[in-house]
Every structure is written in C-alpha cells, then in structure tokens.
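# Coordinate analysis (summary)
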Amino acid sequence: AQSVTQPDARVTVSEGASLQLRCKYSYSATPYLFWYVQYPRQGLQMLLKYYSGDPVVQGVNGFEAEFSKSDSSFHLRKASVHWSDSAVYFCAVSRFNTGNYKYVFGAGTRLKVIA
Amino acid sequence: EAGVTQSPRYAVLQEGQAVSFWCDPISGHDTLYWYQQPRDQGPQLLVYFRDEAVIDNSQLPSDRFSAVRPKGTNSTLKIQSAKQGDTATYLCASSLLGGFNTGQLYFGEGSKLTVL
C-alpha cells in the first residue's frame, strides 16, 4: 500500500536560515507529489506539486521541492525562512488512475522559526 | 471565488451523542473528500465522492459514520453514537478533475470535534 513518511515531527530553525523538510514515499509507480501547509486555525493550502518533467519544482513564497525517483523522496526547501513560515507542513501523494483519485498524507512536520 | 465552507467550526459532545458536519465545496468542483485529522497527525481519508457517487468509503467506520452528497454539491458527514476516539478535526476538501489545477485539493478550515 502507498505511504508517506515525514521523519521529522518538529523542526526549529532561525529566521534567515535555510530549510529542508524531508519526505519519503512508497508507491507502486511514480505518483503525483504535493506539499501542503497548515497555518494555525486554517485549512491546508497547497505549496507546490510535481507531476513530471524537471525534478525541481517551484512553489509559492520561495519554496521549492526536488523529486528523486531513485531515492523515492520529495524534499521541501527554502533558502531563507521568515517567522511567518511557522506552520505544519504535509507531504502528500496521489495517482490519478482511472477511478482512483485518493491522496495519502504524511504525519506532518511542525516548523518553528525563531528570532 | 468563495472557498470551501464547513460548519460548525467546533462541537463538544458526550459519548453516545450524534453530530453532523456540513461542507459546501467550491462551486463547480466535482470531487469532494472528507478527512479525519487527529491531533498532531496528518489527514486520513474517510470517504470521497465524484459528483453524487461514493467512490471510496473503505476507511469510513460504517457502523457509526455516514456521508452523503445527494445533489453532487454540498455534503454531510454524520457520526452517530460518538466515542472519545472520534476526537479530531474533520476536514472537507474539493477538487476539479481536468484543467490546469487538476490534482489540487482545496480545504475548508475544518470542524473540530471533542468527545468527552
């Protein structure tokens, strides 16, 4: 069965530092990959998605992610974090097979940005 | 464009009571999902619809949970005889298959349920 693993439940970084949030997936074929962010008391919002092509995809607010088929990973990066990036980040996978549009989410990584 | 709307935002129940959650998806979105998100965990799919048809409800505890989307627009998730283990936030999401944004889920703010 497909699964998503986010090995870091909590990450703390200083404002202005770089960031990497890790995501590993297990899927029978190359899935579609997503990163979502959840700010306090808000619904999840999509940051970026990967379907095919260039393995590095750009998202909103300076986020990018890199797909690696050999490593079954889709890590999220940002060059310089801001305090407003404090939130919970979820990696998700899906595969739009005929009649199947299910999404599987990881457990999430809670990011805290400190001054 | 209005987003996904859910109500109520909060519900507090005693064990054994019933509750219904309502979701109004983005207009025109054909696919609607209900997720359960326990505290400090990721969303876990309960059921999803394409128009009014249930596509997958294999993760829905059928003895106490039910979900409908009768006209392919709004949806209701009902929990009968709630248990403490049902304490979670219930998220509704919608999407539109086809087009540039295929695959993107749009989430509501969620309905937070506490069962005492």
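Structural data are supplied above this passage.
To keep things clear, this report deals only with the structure shown in the data block. Residue numbering note: each chain is counted from 1, following its sequence as written. Chains carry letters and ligands carry numbers; both start at the beginning, A for chains and 1 for ligands, and go up in the order they are written. Under the rules for a predicted model, residues below a pLDDT of 70 receive no local features and side-chain atom pairs below 80 are neither given nor counted, while totals for whole chains, interfaces and linings still include all residues. Note: side-chain values were computed over all heavy atoms of the structure, leaving out hydrogens and water.

## Details of the overall build of chain A
Note the following rule: Secondary structure follows DSSP: runs of H or I at least 4 residues long count as helices, runs of E at least 2 residues long count as strands, and numbering of each begins at the N terminus. Each radius of gyration is computed over the set of C-alpha atoms, and the globule rule expresses the reference value as 2.2 Å times the number of residues to the power 0.38. Note on classification: 1.4 Å probe, protein chains only; a residue is buried when its accessible area is under 20% of the maximum for its type, exposed when over 50%, partly exposed between these limits. Residue contacts are counted whenever heavy atoms from the two residues lie within 4.5 Å of one another. Using a 1.4 Å probe, the Shrake-Rupley method yields the accessible areas, and only the shown protein chains count as cover for residues. For this count, His and the chain ends are skipped, Lys and Arg are scored as positive, and Asp and Glu as negative. Positions of charges follow a simple convention, taking NZ of Lys, CZ of Arg, CG of Asp or CD of Glu.
A count of helical and extended segments in chain A gives 0 helices and 12 strands. Traced from its N-terminal end to its C-terminal end, chain A shows the element sequence β-β-β-β-β-β-β-β-β-β-β-β. Computed over the C-alpha atoms, the radius of gyration of chain A is 14 Å, within 12% of the 13 Å expected from 2.2 N^0.38 for a compact globule of 115 residues. Along the first, second and third principal axes, the C-alpha atoms of chain A reach 45 × 30 × 25 Å. Every one of the 115 residues in chain A was classed for burial, and the buried ones make up 47%. Counted over contacts in chain A with a minimum sequence separation of 6, partners at least 24 positions apart contribute 55%. As presented, chain A carries roughly 5500 Å² of accessible surface, and 48% of it is formed by carbon and sulfur atoms. The positive charge centre, built from 12 side chains, and the negative charge centre, built from 7, are 10 Å apart in chain A.

## Re the pattern of salt bridges
Residues and elements named next belong to chain A. Condition: Here, a salt bridge means any side-chain nitrogen of Lys or Arg that lies within 4 Å of a carboxyl oxygen of Asp or Glu.
Following the criterion strictly, the structure yields 10 salt bridges over all chains and no others. In this structure, the salt-bridge partner of Glu64 is Arg77, at a minimum N-O distance of 2.7 Å. Taken together, the residues span a long stretch of sequence, with Glu64 in strand 8 (residues 63-68) and Arg77 in strand 9 (residues 73-78) at a distance of 13 residues. By relative accessible area, which is 24% here, Arg77 ends up partly exposed.

## Some remarks on the interface of chain B and chain A
So the rule is basically this: Two parts placed together each lose some accessible area under a 1.4 Å probe, and adding up what both lose gives the buried area. As used in this structure description, the phrase polar contact means that two N or O atoms lie within 3.5 Å; if the pair is within protein, one of them must be able to donate a hydrogen and the other to accept it, and residues adjacent in sequence are counted only when both atoms belong to side chains. Gly is put with the polar residues, along with every residue not named as nonpolar or charged; the nonpolar set is Ala, Val, Leu, Ile, Met, Phe, Trp, Tyr, Cys and Pro, and the charged set is Asp, Glu, Lys and Arg.
In this assembly, 24 residues from chain B lie in contact with 21 residues from chain A. Looking at the side of chain B facing chain A, the largest losses of area belong to Pro43, Gly103 and Phe107 of chain B, adding up to 22% of the total buried there. For Asp40 of chain B, the salt bridge is made with Arg110 of chain A, and the minimal N-O distance between the two is 3.2 Å. Taken together, the connections running from chain B to chain A amount to 4 residue pairs in polar contact (both at pLDDT 80 or more). Mapped by element, the contributors of at least two residues to the side of chain B that touches chain A are strand 4 (31-37), strand 5 (44-50) and strand 6 (53-56) of chain B. Looking at side-chain class alone, the side of chain B that touches chain A contains 11 nonpolar, 8 polar and 5 charged residues.

## Details of the sheet that holds strand 8 (residues 75-79) of chain B
Residue and element names in this part refer to chain B. What counts, and what does not: At least two DSSP bridges between two strands are needed for those strands to be called paired. Angles shown run from 0 to 180 degrees and are taken between the N-to-C directions of axes, each axis being a line fitted to C-alpha atoms and, for helices, limited to the stretch in contact.
Judged by pairing direction, the sheet is antiparallel, and its 4 strands sit side by side in the order 1-3-8-7 without closing on themselves. Every interior strand has two partners, whereas the edge strands, strand 1 (5-7) and strand 7 (65-68), have only one. On average, adjacent strands in this sheet sit at an angle of 15° to one another, irrespective of strand direction. Where strand 3 (residues 19-24) lies against strand 8, 5 bridges are found, and the strand directions are antiparallel. Bridge assignment links Trp22 to a residue of strand 8, and that residue is Thr76.

## With respect to the nonpolar core
How we decide: Nine residue types can take part in a nonpolar core, namely buried Ala, Val, Leu, Ile, Met, Phe, Trp, Tyr and Cys, and a core is a set of them joined through side-chain atoms within 4.5 Å.
Membership of the largest hydrophobic core comes to 28 residues, with the highest contact counts inside it found for Leu19, Trp35, Leu47, Leu48, Phe74, Leu76 and Tyr89 of chain A. For this core, the secondary-structure elements that each account for two or more residues are strand 2 (10-14), strand 3 (19-21), strand 5 (32-38), strand 6 (44-50), strand 8, strand 9, strand 10 (87-94) and strand 12 (109-114) of chain A. The element contributing the most residues to this core is strand 10 of chain A, with 4 residues. Among all residues touching Tyr89 of chain A, those that are not within four sequence positions of it are Gln6, Leu21, Trp35, Tyr36, Val37, Leu47, Phe63, Leu76, Gly108, Thr109 and Leu111 of chain A. Judged by nonpolar contacts, the second largest core, of 23 residues, contains Leu46, Leu60, Tyr90 and Leu113 of chain B.

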